[in-house]
Protein chains: 2
Amino acid sequence: MTLKRMGRQTLYLPTAPIIYQAAAVVGPVEGKGPLKDHYDEILPDALIGQKSWEKAESAIIKRAVQIVLQKAGLEQKDVSFLLAGDLLNQIAASNFAARDINIPYIGLYGACSTMAQAMAVAAVFVDGGYAQCALAAASSHFDSAERQYRYPLEFGCQRPPTTQRTVTGAGAVLLTGGSGDISAVRVTHVTFGMVMDLGMKDPNHMGAAMAPAAAHTISQHLSDTGQEPSDYDLIITGDLGVYGLELCKKLLLDSGLELADNLDDCGIRIYDRNAQDVHAGGSGCACSAVTFAGQLMHELTAGRLGRLLLVSTGALFSPTTQQQGESIPGIAHAVAIQGPAAGGGG
Amino acid sequence: MTLKRMGRQTLYLPTAPIIYQAAAVVGPVEGKGPLKDHYDEILPDALIGQKSWEKAESAIIKRAVQIVLQKAGLEQKDVSFLLAGDLLNQIAASNFAARDINIPYIGLYGACSTMAQAMAVAAVFVDGGYAQCALAAASSHFDSAERQYRYPLEFGCQRPPTTQRTVTGAGAVLLTGGSGDISAVRVTHVTFGMVMDLGMKDPNHMGAAMAPAAAHTISQHLSDTGQEPSDYDLIITGDLGVYGLELCKKLLLDSGLELADNLDDCGIRIYDRNAQDVHAGGSGCACSAVTFAGQLMHELTAGRLGRLLLVSTGALFSPTTQQQGESIPGIAHAVAIQGPAAGGGG
């Protein structure tokens, strides 16, 4: 059998699995942001009738799964696997959502890199003929994340400028078998990341903790596939925020890669930093999940975006290891996606 | 392309990836248990020179990976993927181990079902030609788990008879491409579980929380593959303990499946309940990980065990959701394994 590998970290998917449908559900703050017209549902409040933020987050991921199935005209029994994760301890939001979803479940943890991780594993399963169709999903919630990772919201702790706002929301995408149909949005390659740690210890500066992993995965993907940065219309990181993206650009430049206009970050796109009190931008699993399932998927489908590299970035931050003096490792997984505008090449 | 699926939840792996090597590292209590002759390393104490139990757990999983690579005569660069997880919040033991291991990393969370989950995903990646060789690993640690999930050990809380002892240790297995070699230990099928919840709320009775998922995955695997319980020499659950295994047997009987001598539990095998103060038996990701990588792998290799179904069981328990009144969902993933004694059939 021919190995479907390119270089050290990248897999080539010969059948190019199709991203058949996607759904993005967000909270009220995200619903006032610049990407508001791209979401399937904007929730009126962050609790949506639940008794806790954790239960609300679980309901949100369930809602995203429900919508993507509706859009695809499929039922739960038609889906081979659900691959999902989130930021809560024990990925509780996904686990409790999966309890109410009658689909074999593979729980993942990649912190905020989870969306690309789930899409990458799902794409491999579909490409290899192990799934007719697979769901990849990820969620995060500002209120549940703040109290778990930093301070109780009621404490009203002042946040330094480098902090980011965890996106409240969930994205879900449905992958189906590729048929060589170049009018579809399809996954051509996936690159699984290595854990990188340059010694960053500030839990209020996650962008800096993740930037080395983002730069490493981007340059490794380009080197594995023999491509230049300009081969992509857009290379978009998950949630580096303004400071993290600057660091990532600098690290790429140091390794000889100049990315300018075609490098952006979901965490920068998702909020209006002038009008919204979000400091360095958005973060959380949902940041790249809803930006992809919303705006980026629409741009791909409409032919305004041809070749996209989605690089979800995760800070493997743990309050316990932090208290024990550890730094914050990062990881980034990448998914190479082509829309109809890319034509048959690539 | 022919779909490699059987029934709702099971995948058939045509190339039958080989479990080339396995390593089991355990703590001192496990090292006094009935399976002590099967471990690669028995640690003198649970801290092994580290400053915290969490750091020790991370060092243990790293050690298991190191040993399995040594036994296989491979280096990190020879391995395509590391799939790993553990019980710590943010799977910190695995993340920090992966930081020091130069292999693309896919973090998983399936609670104590993680070993079978990691082996199943790794086997799919190898079977499909996405990896020449992949590492699956999982760890747990009695001391780090107790203080995270239940009470600080210093508190000296009395434990009811249904509690289990989290196994301190880590297991790692190396999967490589199958070649039809029936003298090897090989993975023929994997079954990914659904999340099951019959309303159990007692965090001191995890066996009962996991039993429904174990019974469901076992009966689904047999039905998907058109097999009888007697087709397996051994069906072994991960960590149901004595009470959980009884419940699982009863649930299987209720669904018309009578399993007697060929159903056992790693959590029962790993300790001597008469001589060791372990209540209902062992638990934790490492329970099925070290029992498989130790005793079961030896039995398979030596031809004393032909066909094995390893069913790692996970209680998706979260202290946060528990405090919010939620029950404890369970999940079980299964890996069907054949040793040389099974011959070429199956």
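Before reading further, recall that the structure is shown in the block above.
Since this is a predicted model, take the numbers as computed values, not measurements. (Residues numbered from 1 in each chain as written. Chains lettered and ligands numbered in written order. Predicted model: local features only at pLDDT ≥ 70, side-chain atom pairs only at ≥ 80, totals over all residues. Heavy atoms only, no water.)

### Observations regarding the overall build of chain A
Counting its regular elements, chain A contains nine helices and 15 strands. Computed over the C-alpha atoms, the radius of gyration of chain A is 18 Å, within 12% of the 20 Å expected from 2.2 N^0.38 for a compact globule of 346 residues. With the principal axes as the frame, chain A shows a C-alpha extent of 55 × 50 × 35 Å. Pairs at least 24 residues apart make up 77% of the contacts formed inside chain A by residues separated by at least 6 positions. Distance from the positive charge centre (24 side chains) to the negative charge centre (33 side chains) of chain A: 4 Å. (Helix = DSSP H or I, 4+ residues; strand = E, 2+ residues; numbered from the N terminus. Rg over C-alpha atoms; globule rule 2.2 N^0.38 Å. Contact = heavy atoms within 4.5 Å. Lys, Arg positive; Asp, Glu negative; His and termini not counted. Charge placed at Lys NZ, Arg CZ, Asp CG, Glu CD.)

### A short note on the packing of helix 3 (residues 114–127) of chain A against helix 8 (residues 285–301) of chain A
Residue and element names in this part refer to chain A. The interhelical angle for the contact between helix 3 and helix 8, taken along N-to-C directions, is 60°, at an axis separation of 7 Å. Regarding the angle of helix 3 to helix 8, the classification is oblique. Seen from helix 3, the contacting residues are T114, M115 and M119; seen from helix 8, they are C285, S288, A289 and F292. (Axes fitted to C-alpha atoms, helices over the stretch in contact; angles between N-to-C directions. Parallel < 35°, antiparallel > 145°, perpendicular 65-115°, else oblique.)

### As for the layout of surface pockets
One water molecule sets the probe size; rolling that probe over the atoms shows where empty space is left. Taken as a whole, the largest pocket holds about 410 Å³ of empty space. Taken together, 21 residues make up the lining of the largest pocket; nearest its centre are A:N89, A:T320, B:N89, B:R147 and B:Q148. Broken down by class, the residue content of the lining of the largest pocket amounts to five nonpolar, 13 polar and three charged. (1 Å grid on protein atoms, 1.4 Å probe; cavity = no way out; pocket = protein on both sides within 12 Å on 5 of 7 lines; lining within 4 Å. Points joined across faces, edges and corners; volume = space filled by probe spheres on them. Nonpolar A, V, L, I, M, F, W, Y, C, P; charged D, E, K, R; others polar.)

### Description of unusual backbone geometry
Residue and element names in this part refer to chain A. The backbone of I91 sits at a positive phi, close to 35°, despite the residue not being glycine. I91 sits in the buried class, given a relative accessible area of 1%. Despite not being glycine, A111 has its phi angle at roughly 50°, a positive value. Residue placement: A111 occurs in the loop between strand 6 (105–107) and helix 3. Looking at A111, the relative accessible area reads 0%, which means it is buried. (Buried < 20%, exposed > 50% of the residue type's maximum accessible area, 1.4 Å probe, protein only.)

### What about the packing of helix 5 (residues 206–225) of chain B against helix 6 (residues 241–254) of chain B?
Residues and elements named next belong to chain B. Closest axis-to-axis distance for the helix 5/helix 6 pair is 8 Å, and the angle between their directions is 40°. Classified by the angle their axes make, helix 5 and helix 6 are oblique. Considering how the two elements wind past one another, helix 5 and helix 6 form a crossing that is right-handed. Between helix 5, through G207, A208, A211, P212, A214, A215, I218 and S219, and helix 6, the contact on the second element is made entirely by G244, L247, C248, L251 and L252. Its residues assigned to classes, the contact of helix 5 with helix 6 comprises 10 nonpolar, three polar and no charged. (Left-handed = near helix turned anticlockwise from the far one by under 90°.)

### Things to note about the pattern of salt bridges
By the definition in use, this model includes 27 salt bridges over all chains. A salt bridge links A:D254 to A:K250, with the nearest nitrogen and oxygen atoms 4.0 Å apart. With A:D254 and A:K250 both in helix 6 (residues 241–254) and four residues apart, this pair spans about one turn of that helix. The exposure classification of A:D254 matches that of A:K250, with both residues exposed. With a closest N to O distance of 3.1 Å, B:R99 and A:E326 form a salt bridge. Of this pair, B:R99 sits in helix 2 (residues 92–99) while A:E326 is found in the loop between helix 9 (319–323) and strand 15 (330–338), placing the two residues in two different chains. Taking relative accessible area as the criterion, A:E326 reaches 17% and is therefore assigned buried. (Salt bridge = Lys/Arg side-chain N within 4 Å of Asp/Glu carboxyl O.)

### Re the interface of chain A and chain B
Taken together, the contact pairs 66 residues of chain A with 66 residues of chain B. Across the interface of chain A and chain B, roughly 5,400 Å² is buried in total on both sides, 60% from carbon and sulfur atoms. The largest per-residue losses of area from chain A upon contact with chain B belong to A:Q90, A:R99 and A:Y130, which jointly make up 15% of the total buried on that side. The interface formed by chain A and chain B contains six salt bridges. A salt bridge links A:K55 to B:E326; the shortest N-O distance between them is 3.4 Å. The tally of links from chain A across to chain B stands at 40 residue pairs in polar contact (both at pLDDT 80 or more). (Buried area = accessible area lost by both parts, 1.4 Å probe. Polar contact = N/O pair within 3.5 Å; in protein donor to acceptor, adjacent residues only side chain to side chain.)

### Some thoughts on helix 1 (residues 53–72) of chain A
Between its terminal C-alpha atoms helix 1 of chain A stretches 29 Å, which fits the 28 Å expected from 20 residues at 1.5 Å a residue. One or two positions beyond helix 1 of chain A, positive phi appears at A:G73, with a value near 65°. (Expected span 1.5 Å × (residues − 1).)

### Concerning the packing of aromatic side chains
If you walk through the whole model with that rule in mind, you get 12 aromatic pairs over all chains. Note on A:Y149 and A:F317: the rings are 5.8 Å apart at their centroids and 40° apart in plane angle, and the pair reads as tilted. Taken together, the positions of A:Y149 in helix 4 (residues 142–149) and A:F317 in the loop between strand 14 (307–315) and helix 9 put the pair 168 residues apart, joining distant regions of the chain. Here A:Y149 and A:F317 have matching classes, each one buried. Between A:F192 and B:F81, the aromatic rings sit 5.3 Å apart at their centres with planes inclined by 85°, giving edge-to-face as the arrangement. With A:F192 in the loop between strand 10 (186–191) and helix 5 (206–225) and B:F81 in strand 5 (residues 81–86), the pair connects residues from two separate chains. A:F192 gets classed as buried once you look at its relative accessible area, which sits at 0%. (Phe/Tyr/Trp six-rings, centres within 6.5 Å; stacked < 30°, edge-to-face > 60°.)

### Here we look at the relation of the copies chain A and chain B
Mapping one chain copy onto the other needs a rotation about an axis and a shift along that axis. Each copy of the sequence occupies a distinct position, and chain A is placed on chain B by a rotation of 180° and an axial shift of 0.0 Å, giving an RMSD of 0.0 Å. Here the two chains are linked by the operation of a two-fold rotation axis. Taking C-alpha positions as the reference, the residue of chain A nearest the rotation axis is A:L108, at 2.2 Å. (Least-squares fit on C-alpha atoms with pLDDT ≥ 70 in both.)

### Concerning the nonpolar core
Nonpolar side chains in soluble globular proteins tend to be buried together. A:F125, A:F292, A:I337, B:F125, B:F292 and B:I337 are the most contacted members of the largest nonpolar core, which totals 234 residues. Beyond its immediate chain neighbours, meaning those up to four positions away, A:F125 contacts A:F81, A:I106, A:Y130, A:A131, B:L11, B:V121, B:V124, B:F125 and B:F192. (Core = buried A, V, L, I, M, F, W, Y, C linked by side-chain atoms within 4.5 Å.)

### Here's the deal with the pairing of strand 10 of chain A
Each regular strand displays side chains that alternate between the two surfaces of the sheet. All names here are of chain A. Of all six residues in strand 10, six are buried, a share of seventy percent or more. Alignment of strand 2 (residues 10–12) against strand 10, held across three bridges, turns out to be antiparallel. Counted as the bridge partner of Y12 is H189 from strand 10. Bridging between strand 10 and strand 15 involves five bridges; their strand directions are antiparallel. Residue pairing in the sheet places R186 in a bridge with Q338 of strand 15. (Pairing = 2+ DSSP bridges.)

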